[in-house]
Amino acid sequence: MQVRNTIYISYHHKKVRAFPRLIYTITQCMENAPFVLDCNGYASLLQGSANRGALKEGKQVHAYMLIAGIELNVFLSTALVSMYAKCGSFVDAKLVFDKIPKPNVFSWNALIRGHIVHGHCDEVLQIYHQMQITGTQPDNFTYPFVLKACADLGNLQRGKSIHDYMIRTGFKQDIYVLNGLLSMYVKCGCMEDARQVFDKMSQRDVVSWNTMIAGYAQNGDCDQALRFFHQMQVAGVPYNSVTVASVLPVCASVAAVKRGKEIHGCVIRNAFELDVYVGSALLDMYAKCASLEHAFQIFDRMSRRNVISWNAMISGYAQNGHAKDALIFFCQMQLAGLEPNSSTIVSILSACANLAALQQGKEIHQYLIKRGFELDAFVGSSLIDMYAKSKCLESACQIFDKLAEKDVVSWNALMVGYTENEHATEALKLFCDLQLEGVVPDLVTIVIALSACAKLAAVQLGKQIHDYIIRNGLDSAISIMNALIDMYTKSGSIEVAGRVFDKMPERDLVSWNAMIVGYGKYGYGRESLAHFYQMQQAKIKPDNVTFTGVLNACSHAGLVNEGWQYFHCMTQDYQITPVIEHYSCMVDLLGRAGHLGDAYYFIQMMPLEPSADVWGALLGACRNYCNIELGEHVAEHLFELEPKNAGNYALLSNMYAEAGRWHDVAKVRTMMKDRGLIKRPGCSWIEVNTKNYVFFGGD
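Quick look at the structure, then. (Residues numbered from 1 in each chain as written. Predicted model: local features only at pLDDT ≥ 70, side-chain atom pairs only at ≥ 80, totals over all residues. Heavy atoms only, no water.)

**A short note on the packing of helix α10 (residues 156-168) against helix α11 (residues 175-187)**
In the contact formed by α10 and α11, the axes pass within 10 Å of each other and the chain directions differ by 155°. In terms of orientation, α10 lies roughly antiparallel with respect to α11. Remark: the crossing between α10 and α11 carries left-handed chirality. Note on element contacts: α11 touches α10 through V177, L181, M184 and Y185, opposite L156, G159, K160, H163 and M166. Within the contact of α10 with α11, the residues separate by chemical class into six nonpolar, two polar and one charged. (Axes fitted to C-alpha atoms, helices over the stretch in contact; angles between N-to-C directions. Helix = DSSP H or I, 4+ residues; strand = E, 2+ residues; numbered from the N terminus. Parallel < 35°, antiparallel > 145°, perpendicular 65-115°, else oblique. Left-handed = near helix turned anticlockwise from the far one by under 90°. Contact = heavy atoms within 4.5 Å. Nonpolar A, V, L, I, M, F, W, Y, C, P; charged D, E, K, R; others polar.)

**Examining empty space enclosed by the protein**
Considering all chains together, one arrives at one cavity of 30 Å³ or more under this definition. Of the pockets and cavities examined, the largest cavity occupies roughly 40 Å³. What lines the largest cavity is R623, C626, I628, M655, E658 and A659. For the lining of the largest cavity, the per-class residue count stands at four nonpolar, no polar and two charged. (1 Å grid on protein atoms, 1.4 Å probe; cavity = no way out; pocket = protein on both sides within 12 Å on 5 of 7 lines; lining within 4 Å. Points joined across faces, edges and corners; volume = space filled by probe spheres on them.)

**Considering the layout of surface pockets**
Considering only enclosed or pocket space, the largest pocket measures out at about 490 Å³ in volume. Looking at the largest pocket, it is lined by 19 residues, and the ones nearest its centre are T78, S82, F106, A110 and R113. Secondary-structure elements contributing two or more residues to the lining of the largest pocket are α3 (39-52), α5 (74-86) and α7 (105-117). Counting residues per element, the lining of the largest pocket draws most heavily on α5, at seven residues. When its residues are assigned to classes, the lining of the largest pocket shows 11 nonpolar, six polar and two charged.

**Observations regarding the nonpolar core**
The biggest cluster of nonpolar side chains holds 227 residues, and the ones touching the most others in it are Y143 and L618. Leaving out residues up to four positions away in the same chain, L618 has contacts with V587, L596, A599, Y600, I603, L630 and V634. (Core = buried A, V, L, I, M, F, W, Y, C linked by side-chain atoms within 4.5 Å. Buried < 20%, exposed > 50% of the residue type's maximum accessible area, 1.4 Å probe, protein only.)

**Regarding the packing of helix α37 (residues 612-624) against helix α38 (residues 628-641)**
Remark: α37 packs on α38, axes separated minimally by 9 Å, with the N-to-C direction vectors making an angle of 150°. Taken as axis vectors, α37 and α38 run roughly antiparallel relative to one another. Here the hand of the crossing between α37 and α38 comes out left-handed. Residues A612, W615, G616, L618, L619 and C622 of α37 form the contact with α38, whose participating residues are L630, G631, V634, A635, H637, L638 and L641. Along the lines of polarity and charge, the residues of the contact of α37 with α38 split into 10 nonpolar, three polar and no charged.

Next up, the structure:
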């Protein structure tokens, strides 16, 4: 007796736990009774095995089919190919496939789909090529698979070839295939081609819009991404959680918190906030827009949190100067039973670096070792940065040496560490080693190298880097040109800095500040003020650094009246509250002009506590104008603020010596001896063949 019970099978194989038992029951019935399934029954069992990755059960069905002498027609053979391929048994899938006399498009699709599910993109394209050779025409299911393979491989040329073939063969529009085309172009970074496909689509669904929004976001065109989101709403296409999760990072990247709040309102109205991915995207948006209070409120309301949610909070606190809160959240995350990933570790190490919290950083390093965490370039670079900012260069070097693969970020991290810890020579050596290793410097690398040159006044090496910049077409990057100006000004080549500045097609605040500060430093007060005027004409709003440079320029050029004007302009016209550097510049300005009484009165009226720099500027002026009485009073403040600074004692001693008060000179020298102070000898250096040679007083 033959029993056809495909309904029974279809019903039961939907139950995951019951499926192996179902296979066992059916095979037992087959062995003990004339229980025979039709083709649909076997296909249903094989499909159930495929959907669950149940290779063992699938093989049992195949075995019984062979024992029972079931003829493997194209339909059943295709079901077998699908089962084996989906379960990852590609050798068996190929054996069955090769025995099909004339595979149809469904057979080819089954083999292709199995490979794409397991990420075997190269094999997918090879099978597709073989399919075309046999003359089998691809259908609407084939194209999405092969286009996904092209997208995952970044193989734009092959993707375009498939697109051209579709057009030549008169392929009719199908929304799933066109969405696959969109995704392929987007993932390959060809937004223009994606836009052409999108514009020609007669029908678009939420996937079409999501693909375009995510594509523009990932390719850095945030304005277009937001524009598409608006057009999607105008078109009446209901967005989903994927849309929201794609558009919120765009708001975060352009700090568009107002737009982000509008989207948040839509999220609440559509109850998407309950979705953990949307909630995490909201957290990330608010955190990156520095709205940490809003971020915390959302985090607190989330019923379910994943690693991404915790990472958003930890990263938000770390990047917004709340490193201690980031550390607290890291501990709470572990108490919640969640395992940190690479992004978590990088964020928390950044927090440790910002706090110079060496002990906590070491503990996290030990945590990584105990957990067998892979020390990749991503995490390794963060460890290097943490140790370098904590002034542990030896540990930073050890991490760098242990990295199996070093990317440009790893090299940059160690170069920054050397530069910021007054080891600029080692930073430049590392810059040379980097190139010898075949690593291509990026914009950050060049900026760090120029910064190291600036610290050493190594203008010859700086010029070589300048040549490298021109040869490689990097002279359009504002950050690099700003670093060049800074290097030339700090090396005394102010005229060269001016030429670099004049050739810049576009300038930002940093560019103008570099020239204003540079001219002022070398006594070109009028030139510095002229650049400040041009900066105002260019509608660039000045900041604290700008006015420090302007006031310093007035000081070096003896422009007292102008200095007062700019000091008042800063507060009245630009609402910039003066900081201690501005007050120090004003004291220096008055002191250099001989207005010692005004300078002292100015200090007395300061709303801030005078720093050592403020008193030091006045003490220098007292020496220049031989005002010993005021100098003694100023020196007392300096000795209290900087009891270990031998330079202040030496300056007072020199004042006494110039006045012939040798008894007081002896008293100051005795005081220095009692306090164990030794004045550091003067230092100078020269650059010969890109090498610096340092000389100290007495050499």
